[in-house]
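Summary of the model geometry
If you want the building blocks of each chain, they are given just below.
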Amino acid sequence: NNLVVNLCERKYSRGNLRKAVAGRAAKSPVLVTRILGHLAPIYCVVIDKTSTVAFTGADDGLVKMWSLDRYFLLATLRGHQKEISDLSINSRNTMLASGSCDKEIRIWCLQTAKTLAVLTGHRASVNSIHFSPNDDYLT
């Protein structure tokens, strides 16, 4: 499947981005570019704190890291055996957590795109994950 990026040509601060997206939802979308990458449906998308990198999780068990400035694939994060159900970035913008139907949570380093930790022991799929505001906990 495709990651379709619908961005306005103008840059927004984080506070105004939400307003711009909400206002844009009432209008017809404009396709700026289309990026091909995943070979299966995308289930979750998260944008980093700098608004320059997007992460997608899909049915193919892969997490992909995309440049929003130049619209290309930066990295593919491999390790999950089943579909990715949720993604979360910590407040310091240094780690990404991915939850999967393989009953695992993986913590990734955003600088190296390497796995920092694998959290196992869940009895069912991990459907939702979030870093606490101070990054002390992952829920």
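Residues numbered from 1 in each chain as written. Predicted model: local features only at pLDDT ≥ 70, side-chain atom pairs only at ≥ 80, totals over all residues. Heavy atoms only, no water.

Right, let's get into the overall build of the chain. Across its full length, the chain carries one helix and 10 strands. Traced from its N-terminal end to its C-terminal end, the chain shows the element sequence β-α-β-β-β-β-β-β-β-β-β. Across the 139 residues of the chain, 38% fall into the buried class. Considering only residue pairs separated by 6 or more positions, the chain has 41% of its internal contacts joining residues 24 or more positions apart. (Helix = DSSP H or I, 4+ residues; strand = E, 2+ residues; numbered from the N terminus. Buried < 20%, exposed > 50% of the residue type's maximum accessible area, 1.4 Å probe, protein only. Contact = heavy atoms within 4.5 Å.)

Attention shifts here to the side chain of aspartate 86. Residue placement: aspartate 86 occurs in strand E7 (residues 84–89). Here aspartate 86 occupies a buried position and makes no salt bridge, while the nearest side chain of opposite charge, lysine 49, is found at 12 Å. Looking at aspartate 86, its side chain comes within polar contact range of the main-chain nitrogen of isoleucine 129, at 2.8 Å. Not counting the four nearest positions on each side in its chain, aspartate 86 is found in contact with Cys44, Ala97, Ser98, Gly99, Asn127, Ser128, Ile129 and His130. (Lys, Arg positive; Asp, Glu negative; His and termini not counted. Salt bridge = Lys/Arg side-chain N within 4 Å of Asp/Glu carboxyl O. Polar contact = N/O pair within 3.5 Å; in protein donor to acceptor, adjacent residues only side chain to side chain.)

This paragraph deals with the sheet that holds E7. With antiparallel pairing, four strands are arranged side by side in an open sheet as E7-E8-E9-E10. Edge positions in the sheet fall to E7 and strand E10 (115–119), since each of these pairs with one other strand and no more. On average, each strand axis in the sheet is tilted by 20° relative to the strand beside it, whichever way the strands run. Two elements, strand E8 (residues 95–100) and strand E9 (residues 105–109), share five bridges in a ladder whose sense is antiparallel. Residue alanine 97 lies in a different strand from E9, and its bridge partner there is isoleucine 107. (Pairing = 2+ DSSP bridges. Axes fitted to C-alpha atoms, helices over the stretch in contact; angles between N-to-C directions.)

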